[in-house]
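Architecture at a glance
One-letter residues, chain by chain:
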Amino acid sequence: MRKVVVAAAIVRGGRVLAARRTAPPEAAGRWELPGGKCEPGEPPTAALEREIAEELGCDIEVTAWLEGSTPIGETHELRAALARLTRGEPTPTEHDEVRWLAPDELDTIDWLEPDRPFLPELRFALEHAASLAGGGSGTRRIIVFDEDDALAVEQRLRADGFDAEVVRERLQGEDDDEDHPWAVLTDAPALIAEVLVDEFDGWLDEEQEQPAPRAGSPLDLPTAPRRIKRTDA
Ligand SMILES: Nc1nc2c([nH]c(=O)n2[C@H]2C[C@H](O)[C@@H](COP(=O)(O)OP(=O)(O)OP(=O)(O)O)O2)c(=O)[nH]1
């Protein structure tokens, strides 16, 4: 099985942070999403938070994992997550430059190959993200366990004039492709989201200014600061 490299698409104000590598020589001068290798047994979310703290001296909260993974050489694979800053300003210690890129600037830098397949979903997230994936008050995640349900929820929200975007969640501590719920990020009011949660038997996960879940905490579905699920329906 390939070892996992995790990378963060840190989003703020509709822009994503890209970082320029200094090593090894063949990758120096090329751009990546900051991150690094998971330690043996280390959950991807915890690894990513650790790597970002080490490399950029700031704290992040992972908000959603982008779909899929890409091979790095023969031995590793890359996974990438949307994240938001929860403390500090990114200050590179291993990269020689960082840039905040708007969606239409994503193609202006020379990304490492394994990062490129993530760019379309990232671009989409950024385009919809000033209030969505970048976090901030008013962002909600409707969590469902079926892709069709997620797409149906997204369609309903958009038909009602709200922003909505389907992303694949990866549970904290979970490193297996099964049982990852689907999330619909939306700016719809709680009441509307609750109706859909009820109908599609999901969870409502509100992103408010709360401490990020810490590494090593018990597996929690889906690392929610707040959940609303009606049982009387
Ligand atoms: N961090 C990161 N690495 C990437 C990306 N895309 C990509 O191909 N890689 C490759 C470059 C490296 O070969 C490998 C990650 O190595 P790294 O040097 O960042 O990992 P690390 O901080 O854990 O370093 P180390 O333990 O090897 O010292 O994955 C990306 O977006 N972010």
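Residues numbered from 1 in each chain as written. Predicted model: local features only at pLDDT ≥ 70, side-chain atom pairs only at ≥ 80, totals over all residues. Heavy atoms only, no water.

**Quick word on a negative patch on the surface**
Rules: Patch membership needs two things, relative accessible area over 30% and no salt bridge, and members are linked within 9 Å if like-charged or within 5 Å if nonpolar (Val, Leu, Ile, Met, Phe, Trp, Tyr). Only the protein chains shown count as covering a residue, and every accessible area follows the Shrake-Rupley method with a 1.4 Å probe. For this document, the term salt bridge refers to a Lys or Arg side-chain nitrogen within 4 Å of an Asp or Glu carboxyl oxygen. Charge counting treats Lys and Arg as positive and Asp and Glu as negative, with His and both chain ends excluded. For the purpose of locating charges, the reference atoms are NZ of Lys, CZ of Arg, CG of Asp and CD of Glu. Note on conventions: DSSP H or I runs of at least 4 residues are helices, E runs of at least 2 residues are strands, and numbering of each starts at the N terminus.
A surface patch of like charges, here negative, comprises Glu67, Asp146, Glu147 and Asp148. Inspection of the secondary structure puts Glu67 in the loop between strand S5 (59–65) and strand S6 (70–72).

**Remarks on the environment of Asp96**
Put simply, the rule is: Three exposure classes are used, based on accessible area relative to the maximum for each residue type with a 1.4 Å probe and protein chains only: buried under 20%, partly exposed in between, and exposed over 50%. N or O atoms within 3.5 Å of each other form a polar contact, as long as, within protein, one can give a hydrogen and the other can take it, and as long as residues adjacent in sequence are counted only when both atoms are side-chain atoms.
Position of Asp96 relative to the elements: it lies in the loop between strand S7 (76–87) and strand S8 (97–101). Using a relative accessible area of 45% as the deciding quantity, one classes Asp96 as partly exposed. The sequence separation of Asp96 and Arg20 amounts to 76 residues, and the corresponding C-alpha distance is 5.9 Å. Only 2.9 Å separates the side chain of Asp96 from the side chain of Arg20, close enough to count as a polar contact.

**Thoughts on the side chain of Glu32**
As for its placement among the helices and strands, Glu32 is situated in strand S3 (residues 31–32). In this structure Glu32 comes out as buried when scored by relative accessible area, which is 8%. At a separation of 2.7 Å, a polar atom in the side chain of Glu32 contacts the side chain of Arg21. Within the structure, the side chain of Glu32 is placed 2.7 Å from the side chain of His95, a separation counted as a polar contact.

**Some remarks on the nonpolar core**
For clarity, the cut-off: Joining through side-chain atoms within 4.5 Å is the link that ties buried Ala, Val, Leu, Ile, Met, Phe, Trp, Tyr and Cys residues into a set, and such a set is a nonpolar core. Contact definition: two residues touch when any of their heavy atoms are within 4.5 Å.
One finds Val16, Leu33, Leu82, Leu101, Leu106, Trp111 and Leu122 to be the most contacted residues of the largest nonpolar core, which totals 21 residues. For this core, the secondary structure elements donating two or more residues are strand S1 (3–12), strand S2 (15–20), S7 and helix H2 (119–127). The residues contacting Leu122, other than those within four sequence positions of it, are Ala9, Val16, Leu82 and Leu106. Val4, Leu17, Cys38 and Leu48 belong to the second-largest nonpolar core, a separate cluster that totals 17 residues.

**Focus on helix H3 (residues 147–159)**
Under the convention used in this document: The span one expects for a helix is its residue count, reduced by one, times 1.5 Å. Summarising the geometry, the arc corresponds to the directions from the helix axis toward the C-beta atoms.
Between its first and last C-alpha atoms H3 spans 18 Å; for 13 residues at 1.5 Å apiece the expected length is 18 Å, and the two agree. Along H3, the residues classified as buried are Ala150, Val153, Glu154 and Leu157. Within H3, the buried residues cover an arc of 100 degrees as seen down the axis, which keeps them to one side. The outward face of H3, more than 90 degrees from its buried face, is lined by the exposed residues Asp148, Gln155 and Ala159. Contacts made by the buried residues of H3 are with strand S9 (140–144), strand S10 (164–168), strand S11 (182–186) and helix H4 (190–200). Capping the start of H3, Asp146 holds a side-chain oxygen 2.8 Å from the backbone nitrogen of Asp148, two or three residues further along. Immediately beyond the C-terminal end of H3, within one or two residues, lies Gly161, with a positive phi of roughly 90 degrees.

**Points about H2**
Those residues of H2 that sit buried are Leu119, Leu122, Ala125 and Leu126. Down the axis of H2, the buried side of the element spans an arc of 120 degrees, and every buried residue falls inside it. Every exposed residue of H2 that faces more than 90 degrees away from the buried side is listed here: Pro120 and Glu127. Buried positions along H2 lie against S1, S2, S7, S8 and S10.

**Considering the confidence of the model for the protein chain**
The predicted coordinates ought not to be read in detail in places where the model reports low pLDDT. Here is the rule we go by: Here pLDDT means the predictor's own confidence in every residue, given as a number from 0 to 100.
Here the protein chain averages 83 in pLDDT, while 79% of its residues score no lower than 70. With pLDDT under 50 throughout, residues 131–136 is counted as low confidence; its partners more than four residues away or in other chains account for 21 contacts. Contacts for the low-pLDDT stretch residues 208–233, under 50 throughout, to residues beyond four places or in other chains number 56 contacts. This complex was scored by the predictor with a pTM of 0.65 and an ipTM of 0.96.

**Considering the pairing of S1**
Just so we agree on the cut-off: We treat two strands as partners when DSSP finds at least two bridges between them.
Of all ten residues that make up S1, eight are buried, and the element is covered over most of its length. One ladder, built from eight bridges, connects S1 with S7; its direction is parallel. Bridging from a neighbouring strand, Ala8 pairs with Ala81 of S7. Across three bridges, S1 lies against strand S4 (residues 35–37) in antiparallel orientation.

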